[in-house]
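Descriptive structure summary
In case you want the letters, here they are:
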Amino acid sequence: MPELGVNIDHVATLRQARGGVEPDPVAAALICEKAGCNSLVAHLREDRRHINDADIKKLRRVVKTRFNLEMSINQNIVQIARKIRPHQATLVPEKRQELTTEGGLSVTKNSAKIKRAVELLKEKDIDVSLFIDPDEKEIYEAKAIGVDIIEIHTGRYSLAVNREATDIEYRKIKNAIDYSLSLGLVVNAGHGLNYLNAKRIANIKGVNELNIGHSIISRAIFSGLYKAVKDMKALIK
Ligand code: PXP
């Protein structure tokens, strides 16, 4: 059974909408752990649009399962990661204008830079994963530059609009996972997975972990809204 990593960026996004202190992504992390998640994921973006430096310091202190810091290979961010020393770093491409991580890393085109970042992180005993598209060339290159873990980008599968397109994307992911396992890599998967489409990916033999954020936090609003209103009504009374 694959493990579950919960991405809590979306809690910080809501906090940033008001620029205050709630909801606190660190408090969210503790609830996720209590509910049985296997790791917590937070992306320290260069523009700090959601998770900030103080969050990752606290997360490193309080997370008891595994803290997986999602990050670009920007030199400043790499230096911050070396100081914080999360259990794992997942390297992703990052564009200022994007709403979310749009594609996987192009390892073949940027292998020297990525390799350097991987070495700097590994030097501090941080496990390193590369977020890549289900593409054999990219997977081969990831292995060649010395990473042990990859995460396959499931975004295209999640966004596929009909059964045929979903099956095509699923097949790419399945083949990519099989190929990665044949190279001895640990394979995770994530992006856009939700309560309808995650099961099929979870059933792929050998997948180590699914990293899911948006759909879990979205569902939490509805599963918690009834009680939140009840609590406020009781307080007013
Ligand atoms: N894995 C990686 C590497 C990501 O960049 C993201 C999005 O931040 C996720 C998983 C989670 O994606 P989602 O929020 O769509 O579940």
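Residues numbered from 1 in each chain as written. Predicted model: local features only at pLDDT ≥ 70, side-chain atom pairs only at ≥ 80, totals over all residues. Heavy atoms only, no water.

**Some thoughts on the site of the ligand**
Inspection of the region around the ligand gives 14 residues, with E70, E151, G192, G213 and H214 positioned closest. E70 places a side-chain nitrogen or oxygen 2.5 Å from an oxygen atom of the ligand. In this structure, an oxygen atom belonging to the ligand sits 2.7 Å away from a main-chain N or O atom of G213. Protein chains shield 95% of the accessible area of the ligand, which is 390 Å² for the free molecule. Put simply, the parts of the chain that give the shell around the ligand at least two residues each are helix 1 (9–18) and strand 8 (209–212). Here the shell around the ligand is built from residues that sort into three nonpolar, eight polar and three charged. (Near = heavy atom within 4 Å. Polar contact = N/O pair within 3.5 Å; in protein donor to acceptor, adjacent residues only side chain to side chain. Areas by Shrake-Rupley, 256 points an atom, 1.4 Å probe, with all protein chains shown as cover. Helix = DSSP H or I, 4+ residues; strand = E, 2+ residues; numbered from the N terminus. Nonpolar A, V, L, I, M, F, W, Y, C, P; charged D, E, K, R; others polar.)

**A few points about the packing of helix 2 (residues 25–34) against helix 3 (residues 53–62)**
Their axes nearest at 9 Å, the elements helix 2 and helix 3 cross at an angle of 30 degrees. It follows that helix 2 is roughly parallel to helix 3 by the angle criterion. Handedness of the crossing formed by helix 2 with helix 3: right-handed. Across the interface between the two elements, P25, V26, A29, L30 and E33 of helix 2 pack against D55, K58, L59 and V62 of helix 3. Here the contact of helix 2 with helix 3 is built from residues that sort into six nonpolar, no polar and three charged. (Axes fitted to C-alpha atoms, helices over the stretch in contact; angles between N-to-C directions. Parallel < 35°, antiparallel > 145°, perpendicular 65-115°, else oblique. Left-handed = near helix turned anticlockwise from the far one by under 90°. Contact = heavy atoms within 4.5 Å.)

**Regarding helix 3**
Restricting attention to buried positions, one finds in helix 3 the residues D55, I56 and L59. Axial view of helix 3: buried residues confined to an arc of 90 degrees, hence all on one face. Facing away from the buried side of helix 3 by over 90 degrees, the exposed positions are K57 and R61. Buried residues along helix 3 sit in contact with helix 1, helix 2, strand 2 (39–43), strand 3 (67–71) and helix 4 (75–84). (Buried < 20%, exposed > 50% of the residue type's maximum accessible area, 1.4 Å probe, protein only. Arc of directions from axis to C-beta.)

**Observations regarding empty space enclosed by the protein**
Enumeration over the complete set of coordinates arrives at one cavity of 30 Å³ or more. In this structure, the largest cavity spans a volume of roughly 40 Å³. Every element with two or more residues in the lining of the largest cavity is listed here: helix 7 (155–159) and helix 8 (163–182). Of the residues assigned to the lining of the largest cavity, the class counts are three nonpolar, one polar and three charged. (1 Å grid on protein atoms, 1.4 Å probe; cavity = no way out; pocket = protein on both sides within 12 Å on 5 of 7 lines; lining within 4 Å. Points joined across faces, edges and corners; volume = space filled by probe spheres on them.)

**What about a nonpolar patch on the surface?**
A grouping of I221, F222, L225 and V229 is seen on the molecular surface, where their side chains present a nonpolar patch of about 420 Å² in accessible area. Relative to the assigned elements, L225 resides in helix 10 (residues 214–236). You can call L225 partly exposed: its relative accessible area is 43%. (Patch = residues over 30% accessible without salt bridge, like charges linked within 9 Å, V, L, I, M, F, W, Y side chains within 5 Å. Salt bridge = Lys/Arg side-chain N within 4 Å of Asp/Glu carboxyl O.)

**What about unusual backbone geometry?**
In the segment running from E22 into P23, the intervening peptide bond is cis, with an omega of 0 degrees. Mapped onto the secondary structure, P23 falls in the loop between helix 1 and helix 2. Positioned with a positive phi, R48 is a non-glycine residue whose angle comes to about 50 degrees. Looking at where R48 falls in the secondary structure, it is placed in the loop between strand 2 and helix 3. A positive phi angle, close to 110 degrees, is found at H191, a residue other than glycine. If you trace the backbone, H191 turns up in the loop between strand 7 (186–190) and helix 9 (198–202).

**Considerations on the pattern of salt bridges**
Under the defined criterion, the tally for this structure stands at 15 salt bridges. Measuring nitrogen to oxygen at the nearest pair gives 3.2 Å for the salt bridge that ties E169 to K172. Of the two residues, E169 and K172 both sit in helix 8, three residues apart, roughly one turn of that helix. For K227, the salt bridge identified is with D231, shortest N-O distance 2.8 Å. Of this pair, K227 and D231 both sit in helix 10, four residues apart, roughly one helical turn. Judged by relative accessible area, which is 52%, K227 ranks as exposed. What makes D231 partly exposed here is its relative accessible area of 41%. Look at the salt bridges and you will find they share partners, linking E3, R66 and E209 into a network.

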